[in-house]
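# Summary of the model geometry
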Amino acid sequence: MMEMLIHNTGWIEVICGPMFSGKSEELIRRLRRAIIARKRVQVFKPVIDNRYSEDEIVSHADARFKAIVVPDATGILSQIDWRTQVVGVDEANFMGPELVNVASQLADAGKQVLIAGLDTDYLARPFPPIPDLLAMAESITKTLAICMRCGNPAKHTQRLVDSADLIVVGAAGTYEARCRRCFEPGVPKQEVLPFLRPPAR
Ligand code: ADP
Ligand code: ZN
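We now turn to the structure provided with this report. (Residues numbered from 1 in each chain as written. Chains lettered and ligands numbered in written order. Predicted model: local features only at pLDDT ≥ 70, side-chain atom pairs only at ≥ 80, totals over all residues. Heavy atoms only, no water.)

## A word on the pattern of salt bridges
The following threshold applies: We define a salt bridge as a contact between a side-chain nitrogen of Lys or Arg and a carboxyl oxygen of Asp or Glu at a distance within 4 Å. The secondary structure listing takes helices from DSSP runs of H or I that are at least 4 residues long and strands from runs of E that are at least 2 residues long, numbered from the N terminus. Each residue is assigned to one of three classes by its accessible area relative to the maximum for its type, calculated with a 1.4 Å probe on protein chains only: buried under 20%, partly exposed between the two thresholds, exposed over 50%.
A complete count under the given rule lists 12 salt bridges for this structure. E13 is the salt-bridge partner of R30, the closest N and O atoms lying 2.8 Å from each other. In this pair, R30 is assigned in helix α2 (residues 23-36) and E13 in strand β1 (residues 11-17), connecting sequence segments 17 residues apart. Accessibility assignment for this pair places R30 and E13 in one class, buried. A network of salt bridges, in which partner residues are shared, links E13, E26, R29 and R30.

What follows is the structure in structure tokens.
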């Protein structure tokens, strides 16, 4: 990305992968580096994700970064300070379809747009608007988690609770990371859930 710093060109970087894969951590790492580079930074997260904090993005390992909560992607445009040089977006899969336009506009206006979000849902379907953002991005990073069944690299978000809703907000106990082989689309049969198995002796 060094080349692009020189002429104030905007661009889009996407960080995607399953839950627990370190997307927020990686986003926070890049935002901290932007601060070190004395860039003006603003970070946004959707209102739906208030699991750990009202006004911060928070990783599962408790890294934090101040964020502005918006109802959807259009809220980014109404809250953006036009002097901002680096725009972070966490949980982008909950920002709505307008994020595609908003991210393009920001990048066209010369901003570095860092987007983190789930690339697939609990049924392994591409999770809009991330696929479109991947097509538009200058840089793509796919993060993998560790499969909670076998320890292999995991690209899936396994839902552990019984719900057919697309969005069930939660973390440990509600979802876990699974690899291609261990992933069971939808909800696993209750008897195979590890916490319902009889304890080993
Ligand atoms: P994401 O934003 O992708 O959900 P986070 O950045 O919030 O991920 O959290 C990543 C951290 O979660 C890791 O550094 C690790 O401490 C923790 N973690 C918990 N479960 C797992 C797992 N199955 N695989 C990898 N990391 C995990
Ligand atoms: Zn596995």
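Past the structure itself, the notes keep going.
## Notes on the site of ligand 1
Worth spelling out the cut-off: By convention in this text, a residue qualifies as near a molecule or strand provided that one of its non-hydrogen atoms is within 4 Å of it. Any pair of nitrogen or oxygen atoms within 3.5 Å is treated as a polar contact; in protein, a donor-acceptor pairing is required on top of that, and neighbouring residues in sequence qualify only through side-chain atoms on both sides. Each residue gets one label: Ala, Val, Leu, Ile, Met, Phe, Trp, Tyr, Cys and Pro are nonpolar, Asp, Glu, Lys and Arg are charged, and the others, such as Gly, are polar.
Residues in contact with ligand 1 amount to 15 residues; listed here are only the nearest, K23, S24, E25, H60 and I146. Here an oxygen atom of ligand 1 and a backbone polar atom of P18 are 3.5 Å apart. Taking S21, its main chain carries an N or O atom lying 3.1 Å from an oxygen atom of ligand 1. Those elements giving two or more residues to the shell around ligand 1 turn out to be α2 and β9 (145-146). With three residues, the top contributor of residues to the shell around ligand 1 is α2. Split into classes, the residues belonging to the shell around ligand 1 amount to eight nonpolar, five polar and two charged.

## What about the coordination of the zinc ion (ligand 2)?
Quick note on the threshold: Counted as donors are the N, O and S atoms within 2.8 Å of the metal, or 3.2 Å for Na, K and Ca, while water is not among the atoms, so some sites may look incomplete. Any site counts as irregular unless it has four donors with all angles between 85 and 135 degrees, making it tetrahedral, or four or six donors with opposite ones more than 155 degrees apart and the rest between 65 and 115, making it square planar or octahedral.
The coordination sphere of the zinc ion (ligand 2) contains the protein donors C147 (SG), C150 (SG), C179 (SG) and C182 (SG), at a distance range of 2.2 to 2.4 Å. Relative to the metal, the four donor atoms surrounding the zinc ion (ligand 2) lie at angles of 103 to 116°, and the coordination shape comes out tetrahedral. Along the chain, the residues that donate to the zinc ion (ligand 2) are spaced as C-x2-C-x28-C-x2-C. The pair C179 / C182 is uniform in exposure class, with both members buried.

## Let's talk about the side chain of E26
Among the structural elements, E26 can be located in helix α2. A relative accessible area of 16% places E26 in the buried class. A polar atom in the side chain of E26 sits 2.7 Å from the side chain of R30.

The values reported here are purely geometric and, on their own, carry no functional implication.
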